[in-house]
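A structural walkthrough
One-letter residues, chain by chain:
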Amino acid sequence: MTKVALTVNGERHEADVEPRQLLVYFLRETLGLKGTNVGCDTSSCGACTVLLDGESAKSCTVFAVQADGSEVTTIEGLASGAELHPVQQAFHEQHALQCGYCTPGFVMATVSLLQENPSPSEDEIRRALEGNLCRCTGYHNIVRAVEAAARAGA
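Small disclaimer: the values here were computed from a predicted structure and weren't measured. (Residues numbered from 1 in each chain as written. Predicted model: local features only at pLDDT ≥ 70, side-chain atom pairs only at ≥ 80, totals over all residues. Heavy atoms only, no water.)

**Concerning the overall build of the protein**
From N to C terminus, the protein includes five helices and five strands. In the protein, the succession of α and β elements from N to C terminus is β-β-α-β-β-β-α-α-α-α. A compact globule built from 154 residues should have a C-alpha radius of gyration of about 15 Å, and the protein, at 15 Å, falls within 12% of that. Residues classed as buried in the protein amount to 46% of the 154 residues present. Here the contacts in the protein between residues at least 6 apart in sequence split such that 55% fall between residues at least 24 apart. (Helix = DSSP H or I, 4+ residues; strand = E, 2+ residues; numbered from the N terminus. Rg over C-alpha atoms; globule rule 2.2 N^0.38 Å. Buried < 20%, exposed > 50% of the residue type's maximum accessible area, 1.4 Å probe, protein only. Contact = heavy atoms within 4.5 Å.)

**Topic: the sheet that holds strand β3 (residues 49-52)**
Read from one edge to the other, the open sheet built from five strands follows the order β2-β1-β5-β3-β4, with strand pairing classed as mixed. Taken across any chain shown, the strands that pair with only one partner, and hence form the sheet edges, are β2 (11-17) and β4 (55-58). Averaged over all pairs of adjacent strands, the angle between their axes in this sheet comes to 40 degrees, without regard to strand direction. Where β3 and β4 come together, four bridges link them in antiparallel fashion. Looking at β4, one finds that L51 is bridged to S56. Sheet strands touched by helix α1 (residues 23-30): β1 (2-8), β2, β3 and β5 (71-73). Its angle to β1, the strand with the most contacts, is close to 80 degrees. On top of the sheet, helix α3 (residues 103-116) reaches β3, β4 and β5; it is set at about 40 degrees to β3, its chief contact. (Pairing = 2+ DSSP bridges. Axes fitted to C-alpha atoms, helices over the stretch in contact; angles between N-to-C directions.)

**Re unusual backbone geometry**
Phi at N9 is positive, roughly 55 degrees, even though this residue is not glycine. Here N9 shows up in the loop between β1 and β2. Among the residues examined, N9 registers a relative accessible area of 28% and is labelled partly exposed. Its identity as a non-glycine residue notwithstanding, S43 has a phi of 70 degrees, on the positive side. Tracing the chain through its elements places S43 in the loop between α1 and β3. Owing to a relative accessible area of 28%, S43 belongs among the partly exposed residues under this scheme.

**Some details on the state of the cysteines**
All chains considered together, the criterion is met by zero disulfides. C136 takes part in no disulfide bond, and the closest cysteine sulfur to it belongs to C99, at a distance of 3.8 Å. (Disulfide = S-S within 2.5 Å.)

Listed below in C-alpha cells is the structure:
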C-alpha cells in the first residue's frame with residue numbers, strides 16, 4: 001500500500017492505495033464519487049474524464065499514486081450548491097444527453113476546452129471532444145451545448 005494525498009473538489013483526502021489502483025476507482029470506490037463513470041477501461045470512451053491539475057484527463061489512464069499531491073475536479077465539484085455550472089446548464093438546456101452515462105465526461109472535457117479556448121469554432125469543439133464517445137446521440141446537441149456554454153462565458 002502507498003499513501004496518497006489529493007485535493008478532490010476542494011477537499012483534501014489522504015488514503016492508502018494499491019500502487020496499481022486507477023484514479024477512476026479511487027474516486028468511485030474510496031471517495032464514493034460515482035459521477036466519474038467507467039465506460040471502457042481502455043481510454044477510448046472518455047466517460048471517466050476529470051480535471052487533473054486543471055487539465056482534462058481520462059482517469060482510467062492515471063494511477064491514484066500518480067495523482068498524489070494533485071488537485072482533481074470531478075463532475076460533483078462543478079456545481080455551486082443548487083446552481084449548475086454554466087456547462088452543466090448548457091447541456092441541460094440543449095438536451096445534450098440521452099442516457100447520460102457519458103455526460104459527465106463530456107462536461108468535464110468541455111470545461112477544459114473552454115478554459116483553453118473560450119470561443120471555439122464548431123470544428124475546434126468536435127476535435128476537442130473526439131476522445132469522448134456517446135453511443136446514444138448524434139453529437140449535434142452536444143456541440144450546441146458547448147457553443148451555448150461558450151456564449152454564456154463558461
